[in-house]
Structures are given as C-alpha cells and as structure tokens.
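Below, each chain spelled out in residue letters.
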Amino acid sequence: MSSQVLEQHPQRQSAPRPVERLVVTRRSGQGRYASLGFLEARGETYEFSYLRSAVSNPEFVPLPGFSDPQRRYRESYLFPLFAERMMSPRRPDRPSYLRKLALDPDADAMEILARSGGRRNGDTIELFRAPYQDDDGRVRSDFLVHGIRHMSPGASEEVARLQRGEKLLLQTEPENVYSPHAIVVVSSRSVKLGYVPDPLAGFVSNLCEISAPCAEVQVANGVHVVPHMRLLISVTAETPRGYRPLSGPEWETVS
C-alpha cells in the first residue's frame, strides 16, 4: 500500500480554547463514520442542528429526541441524548475516568464529550471537537485516533509509550480499499497507530494542501483503557487570512 508522508513543522504552543462546538457523527453498517450535525454551547444555552448534506441522504434516520430534521433545537440544559454519554458525578471511578482524559475534576460537559467522544458500548454515535482557531490564530483540530485495535499488534504498545507533546506523522493512503482519502497517524518510530476519523479526513487533507500541519500527542493511554479512548491528538496549521474550517457546502446546517 503506497503512502505519502505529509511534512511536519514545529509549531508554537498555546492553550486550547473552551469547547463551544462539537460535530456529531454516526457509524454506518460498513463501519465508517459520517457527520450528522453540530452540538453547540452558547453561554447557558445548548443548540443542535442537522447538516443539509446528512438530511438529504436517502438513508438518513433522525437521532432520538431530534425527530424534525429542519428544526434548530435549543434548550437551557444539555440534551438527554448527549448528557447520558457522560459518567455520573456520583460514581466513585469518575476521578480516574477524568484523569484518563487528562481533564480537571471540574471539567464541563462539552470538554468531557470532546475528549471522550461520548461513545458507549454497542453505540454508533461519536462526537469530536469542531476545528477552531487557537490563541495564535492557527487552525487546530483535536480528535481521538480511530482504528487502533485494527492496526498491527505493536500499535497498542506503541501508543502506551507515547508522551504528551510528542510529534507524530500523517500519511495518506490513496490505495486504501475502504477510503481513498484515508490518513494514517504514524509515530516517530514509524509505527502505524490508527487513522484520522473519516469525517475529518477531507479537512486534514485540505490543510496539507495549503500548509504544513503539525500533529502531536495530547493524551495517550495504556492497554487498560478502551481502544477508542487510547489516543487523542491535535493537528495545527498556519492558514491564510480569512480561512474558516468546516465552511464548505457539506457543512451547512439546515437552519
């Protein structure tokens, strides 16, 4: 399988901004994730709206609690579909759970969903943070690496050795039989770790065309942690003035 290494350049570091927008995705029967809509936090209000591209798909099925695909939902509390994806504060293992996500005990709902993906056993829904501009004006995307358990036997052990801030490589796989836009995440020791999530592959590819993105480790957990929470990385890039991530027609909402 051929691959193309995407050049990595060192980048200055700045603290990530508060999580205000999450992309809601759902896994198909073929195992690929597709974007459905945006969950947003605006002050004390939560909003959810579907993407036009998702609603126009003949196989579209509304999410539980969001039956009207043309409506922009607003509530003063986090919608139950997403609230139930967080561990209860009353559970004794919650502090350990937050440590695995490198979060403070007082982390809010959007931070927890962004770091954990909001996934549950047997579930098909996953959330990730929408790409945003950091304090230095660079575009940044934080996401959980997909497919670690399907990689070579050494991938899990390699993830366990990673350190926060360690640089990673991104490689295209144009001959990937599942997706011609696949981007694999590779360690500095040339071990393939997993993949950029399908809904973000096009965005990351676009960054590679206009800049030289830098990928690095944010959270890396050992083999005792479930595979989908093993590795959280960030991809940052310098972009032209006025660049807006996720602004194409496929990301327009119904409202």
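Note that the coordinates shown come from a computational prediction; the quantities given were computed from them, not determined experimentally.

J.: What is the right way to look at the environment of H224 in this model?
T.: Within the element layout of this structure, H224 appears in the loop between β12 (214-220) and β13 (231-237). Put simply, H224 and A160 are 64 residues apart on the chain and 9.6 Å apart in space, counted from C-alpha to C-alpha.

J.: Honestly, the pairing of strand β8 (residues 139-144) in this entry has me stumped. Any pointers?
T.: Two faces, one strand: in a regular strand the side chains alternate between the faces of the sheet. Within β8, 6 of the 6 residues are buried, which leaves the element mostly enclosed by the surrounding structure. Pairing analysis gives 2 bridges linking strand β7 (residues 132-133) to β8, with the strands arranged antiparallel. Paired with Q133 across the two strands is V139, which belongs to β8. Adjacent in sequence and paired antiparallel, β7 and β8 are bridged by 5 residues, among which G137 carries a positive phi angle near 85°. With 6 bridges connecting them, β8 and β13 associate as antiparallel partners. The partner of L144 across the bridge, within β13, is L232.

J.: Teacher, can you tell me more about helix α5 (residues 154-161) here?
T.: Within an α-helix, residues lying three or four positions from one another point in the same direction, as the helix has 3.6 residues per turn. Buried residues of α5: A155, S156, E158 and V159, and no others. All buried residues of α5 fall inside an arc of 160° around its axis, so they share one side. Where the residues of α5 are buried, they touch β11 (192-195), β12 and β13.

J.: Hey, could you run me through the nonpolar core in this one?
T.: The nonpolar side chains of soluble globular proteins are, as a tendency, buried together. Core analysis: the largest hydrophobic core is formed by 56 residues, its most contacted members being L39, F48, L63, F66, F82 and L231. Ignoring any residue separated from it by four or fewer positions in sequence, one finds F48 in contact with V24, G37, F38, L39, L63, F66, R71, R72, Y73, F79 and F82. The next biggest cluster of nonpolar side chains, apart from the first, holds 9 residues, and it includes M87, L101, V225 and M229.

Calculation criteria
Residues numbered from 1 in each chain as written. Predicted model: local features only at pLDDT ≥ 70, side-chain atom pairs only at ≥ 80, totals over all residues. Heavy atoms only, no water. Helix = DSSP H or I, 4+ residues; strand = E, 2+ residues; numbered from the N terminus. Buried < 20%, exposed > 50% of the residue type's maximum accessible area, 1.4 Å probe, protein only. Pairing = 2+ DSSP bridges. Arc of directions from axis to C-beta. Contact = heavy atoms within 4.5 Å. Core = buried A, V, L, I, M, F, W, Y, C linked by side-chain atoms within 4.5 Å.

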